[in-house]
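Next come the chains, spelled out residue by residue.
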Amino acid sequence: MPEIRKDPVVDRWVIIAAERNRRPFSPRSAAAPVEADPACPFCPGAEHETPPEVYAVTEGLRLPDTPGWRLRVVPNKFPALGGEGPVEEVGIAGLSRAVSGVGFHEVIIETPDHFTPFARLAPEEIAEVLLAVKRRFLHYKSDPRIVSAQFFKNQGPEAGASLAHTHCQIIAMPMAPHRLAEELAGARAAHDRLGGCVYCRAMEEALLAGDRIVEDGEDYLVYAPWAPRFPFETWIAPMSHRPRFEAMEDDELIALARTLKRTLARLDRALGGAPYNMALASAPFDAGSPDWYHWRLEILPVTARPAGFEWGSGFFINATPPEEGAALLRTV
Ligand SMILES: [Zn+2]
Ligand SMILES: [Zn+2]
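Residues numbered from 1 in each chain as written. Chains lettered and ligands numbered in written order. Predicted model: local features only at pLDDT ≥ 70, side-chain atom pairs only at ≥ 80, totals over all residues. Heavy atoms only, no water.

Concerning a nonpolar patch on the surface
Phase 1 of the analysis: A cluster of nonpolar side chains, contributed by V87, V99 and M175, occupies part of the molecular surface with about 200 Å² of accessible area.
Phase 2 of the analysis: Among the secondary structure elements, M175 is positioned in the loop between β7 (167–173) and α2 (178–194). (Patch = residues over 30% accessible without salt bridge, like charges linked within 9 Å, V, L, I, M, F, W, Y side chains within 5 Å. Areas by Shrake-Rupley, 256 points an atom, 1.4 Å probe, with all protein chains shown as cover. Salt bridge = Lys/Arg side-chain N within 4 Å of Asp/Glu carboxyl O. Helix = DSSP H or I, 4+ residues; strand = E, 2+ residues; numbered from the N terminus.)

What to know about the coordination of the zinc ion (ligand 2)
Phase 1 of the analysis: The protein atoms donating to the zinc ion (ligand 2) are C197 (SG), C200 (SG), H241 (ND1) and H294 (ND1), with metal-donor distances spanning 2.1 to 2.3 Å.
Phase 2 of the analysis: In this structure, the zinc ion (ligand 2) is surrounded by 4 donor atoms whose angles at the metal cover 102 to 117°, and the resulting shape is tetrahedral.
Phase 3 of the analysis: Mapped onto the sequence, the residues coordinating the zinc ion (ligand 2) show the spacing C-x2-C-x40-H-x52-H. Highlighted residues: C200 in helix α3 (residues 198–209) and H294 in the loop between β11 (276–281) and β12 (296–301), separated in sequence by 94 residues. Pair check on accessibility: C200 and H294 agree, each one buried. (Donors = N, O, S within 2.8 Å, 3.2 Å for Na, K, Ca; no water. Tetrahedral: all angles 85-135°; square planar, octahedral: opposite > 155°, others 65-115°. Buried < 20%, exposed > 50% of the residue type's maximum accessible area, 1.4 Å probe, protein only.)

Some details on the coordination of the zinc ion (ligand 1)
Phase 1 of the analysis: Protein-derived ligands of the zinc ion (ligand 1) are C40 (SG), C43 (SG), H114 (ND1) and H165 (ND1), with the metal-ligand distances lying across 2.0 to 2.3 Å.
Phase 2 of the analysis: Taken together, the 4 donor atoms coordinating the zinc ion (ligand 1) and their angles of 105 to 118° define a geometry best described as tetrahedral.

Some remarks on the nonpolar core
Phase 1 of the analysis: In terms of nonpolar packing, the biggest core is built from 47 residues, with I108, F118, F137, F151 and L260 touching the most fellow members.
Phase 2 of the analysis: Ranked by residue count, the leading element in this core is helix α1 (residues 123–141), at 9 residues.
Phase 3 of the analysis: Not counting residues up to four positions away in its chain, the partners in contact with F137 are A149, F151, I170, E246, L280 and F285. (Core = buried A, V, L, I, M, F, W, Y, C linked by side-chain atoms within 4.5 Å. Contact = heavy atoms within 4.5 Å.)

Dropping the structure here:
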C-alpha cells in the first residue's frame, strides 16, 4: 500500500508509491560533451564573451579576463536579478505588489576543461568551487540590500543547463525565498517543540534506523530524507549543528568536496549518468546563527518531471521509497 509521508519541518506531503516503480523507466543521460564547441563562452580564450569576472582562481599572475585560470566567477549575461540602487516598492496598483529586482546572478565556471563534468573533476577542483561559493556568499552578505543567496547547479539539458561546459550558479536576493522562509518558520516551531534542532534530530533518527543512510562519515552525513520529493533525492549535511554554509572553515569544505564527489559517483553509477539538480539550503544572511536551522546540500536526480498532479496539488508522487534508493546507493 502506498504511504503518504509528511516532511518533518514543512507542511509538505509526499506519496511514496513503490508500485509505480514498475512503469517503464528510461534513464536520461547527462553525458559529458564529446565535441569541442568553438562558440563556447566558458572556454579559455573566450573570456571576452562573458561580463568581466568578479572572482577567479588562477595559475600564478595573470590579467583579469585572460586565459590562465582554473575557475572563474562571472555575472550571468542574462541575469534574473541585477542592477544598482535600493530595494524599493515599484509599480504598486491595487493588490499587485512588486519590488525592484536588485540582486546578483553569477555563474561559476568550474574548470577551463570543456569536456569534464562536475562529478569527474578532481576533489581539489570541486573544493575550489565550494570555496568560491563561500567567498561569494561572504561578499553578498556585506551588501545590506541582500538577504539570502541560492547556490544551485543544473547538470544536463533535462535539468535546465543551457550550456554544456560545466558550471553552476548563484542568485543573491533582497529577500528570503518562499521555501526557505517556510522552512525557517517550521524549523523554529519544531525547535520549540523538541527543545533542539529538528535537522539534528532527523539525522539522529535516520542514523538509528540506518536504512536511509548512504554514507555515515566523520564530518558529513549523506542520506535520503524521510519524505523525498524525487527518486534518489540525496542530502548531505554536516554532522555537527551548523546553520550556515559560509561560516564553514575552508578545510571543512575540502572534506565536503570529497564527500560530494563520492556521492555524485554513486548516483552516476546507480542511475546511468542521469541529469540532476543540486541546491544549497542555508540560513539567510540576516538570521544570525539560529539554533533551529542546519544547512544542507540537496542533490535531486532528474528521472521524471513534476507533472500536472504535482503542480496542481503541491504534493509529490515518488515511486522510489528512500529506503530502497539508499540501499542501492550504498552498494554501488
Ligand atoms: Zn567550453
Ligand atoms: Zn542541527
